[in-house]
Amino acid sequence: MKYPLEILPNPYYKFIDCDLHEHFLIRYLNVKDISEIWDSETNTVNPKQICSPSEHISDLSTSLLGIFKTVHIFLDFTTEGKKKYMFSCAPDEEVETPVHEADFIINNNRHYWCAPINRLHKREFKYERDNLPLTATCFVKHTPMKWNFWHFSLHWELQTGELLENMTEKEKKKIARKLGQAVRVTIAHFAVIEEPEHPILPQNCYCTN
């Protein structure tokens, strides 16, 4: 199987900073059984499937749905592939094409959820710390990786103006754990597990030529 070249960084690509309010993020799940993902009583995604409590909500890994398609969630990197490709990079970096079986395999035991960017970007999330009510603002940020130009992350600005990503690892984990609970529950209410109708990003938003 050939790796989808359209999701790799490209010498003609640039950071995406145009308006994405009509677009969606997609995040893969290492779960195939829909009953584990969808809560039929609440008609929402199970919050634990948004991300596990042990995962960092401070840098939640997602992709921009469009050129990155639902079929791409099945790309699963080998141990050697992870050593080569699971790193952030410049959008215009020249990357060697991953090789099937050596660098990646197809993992069909996966599913996904999608969430509208306009329900996340610049949204304030409430949480408590030491019994004090606090807020953090979410920013959807383009963070290309060697395996996936369309990789996006959730970043956070605290009400003090501090960026969560710039804090010490100890502080980051404490806040992310508190904030994560509120974020998981909120996203679970508007996330979907079927591919939504979505636009394709205009080429001038990501390409320099």
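Just so it is clear, the model here is predicted, and its values are computed rather than measured.

Rules of the game
Residues numbered from 1 in each chain as written. Predicted model: local features only at pLDDT ≥ 70, side-chain atom pairs only at ≥ 80, totals over all residues. Heavy atoms only, no water. Helix = DSSP H or I, 4+ residues; strand = E, 2+ residues; numbered from the N terminus. Rg over C-alpha atoms; globule rule 2.2 N^0.38 Å. Buried < 20%, exposed > 50% of the residue type's maximum accessible area, 1.4 Å probe, protein only. Contact = heavy atoms within 4.5 Å. Areas by Shrake-Rupley, 256 points an atom, 1.4 Å probe, with all protein chains shown as cover. Lys, Arg positive; Asp, Glu negative; His and termini not counted. Charge placed at Lys NZ, Arg CZ, Asp CG, Glu CD. Disulfide = S-S within 2.5 Å. Salt bridge = Lys/Arg side-chain N within 4 Å of Asp/Glu carboxyl O. Expected span 1.5 Å × (residues − 1). Core = buried A, V, L, I, M, F, W, Y, C linked by side-chain atoms within 4.5 Å. Patch = residues over 30% accessible without salt bridge, like charges linked within 9 Å, V, L, I, M, F, W, Y side chains within 5 Å.

Okay, the overall build of the chain next. Scanning the chain for helices and strands turns up four helices and 10 strands. Along the chain direction, N to C, the helices and strands of the chain fall in the order β-α-β-β-α-β-β-α-β-β-β-β-β-α. By the compact-globule yardstick of 17 Å for 209 residues, the chain fits well, its C-alpha radius of gyration being 17 Å. Counting only C-alpha atoms, the chain reaches 50 × 40 × 35 Å along its principal axes. When the 209 residues of the chain are sorted by exposure, 47% land in the buried category. Within the chain, contacts between residues at least 6 apart in sequence are counted, and of these 75% link residues at least 24 apart. Summing over all exposed atoms, the chain offers an accessible surface of approximately 11400 Å²; the carbon and sulfur share of this is 49%. A distance of 5 Å separates the average location of the 24 positive side-chain charges in the chain from that of its 29 negative side-chain charges.

It is worth spelling out the state of the cysteines at this point. Within this structure, the stated rule accounts for one disulfide. The disulfide that involves C18 links it to C205, with 2.4 Å between the sulfurs. In this structure the cystine formed by C18 and C205 twists about its S-S bond by roughly 130°; its chirality is therefore right-handed. Pair noted here: C18 is in the segment before strand 1 (24-29) and C205 is in the segment after helix 4 (169-190), with a separation of 187 residues, a long-range link.

All right, on to the pattern of salt bridges then. Evaluated as defined, the whole model comprises five salt bridges. As a salt-bridge pair, K146 and E93 come within 3.6 Å of each other at their nearest N and O atoms. With K146 in the loop between strand 9 (132-142) and strand 10 (151-158) and E93 in the loop between helix 3 (79-85) and strand 6 (104-106), this residue pair connects regions lying 53 residues apart in the sequence. By relative accessible area, which is 24% here, K146 ends up partly exposed. When its relative accessible area of 25% is taken as the criterion, E93 is described as partly exposed. Two residues, K172 and E169, come together in a salt bridge whose shortest N-O distance is 3.8 Å. Residue K172 and its partner E169 are both found in helix 4; the two are separated by three residues, about one turn of the helix. On the accessibility criterion, K172 (14% relative accessible area) is buried. A relative accessible area of 42% means that E169 is categorised as partly exposed.

Moving on, we come to helix 4. The terminal C-alpha atoms of helix 4, which comprises 22 residues, lie 30 Å apart, in line with the 32 Å expected from a rise of 1.5 Å per residue. Of the residues making up helix 4, those classed as buried are K172, I175, A176, L179, G180, V183, R184, T186, I187, A188 and F190. Taken together, the buried residues of helix 4 touch strand 3 (44-45), helix 2 (47-50), strand 7 (111-116), strand 8 (124-129), strand 9 and strand 10.

Nonpolar side chains in soluble globular proteins generally cluster together in the buried interior. Core analysis: the largest hydrophobic core is formed by 62 residues, its most contacted members being L120, W150, W156 and I187. Leave out the neighbours within four places in its chain, and I187 touches I50, W113, A115, L120 and L154.

Of note in this structure, N43 is not a glycine but carries a positive phi near 55°. Take N43: its relative accessible area is 52%, and that puts it in the exposed class. With a phi angle near 75°, E101 is a residue other than glycine that sits in the positive phi range. Secondary-structure assignment places E101 in the loop between helix 3 and strand 6.

For the rest of this paragraph, the subject is a positive patch on the surface. A cluster of basic residues, K170, K173, K174, R177 and K178, forms a positive patch at the surface. With relative accessibility at 44%, the residue K178 sits in the partly exposed group.

Tracing the backbone shows T137 in strand 9. Between the C-alpha atoms of T137 and H155, which are 18 residues apart in sequence, the distance is 8.3 Å.

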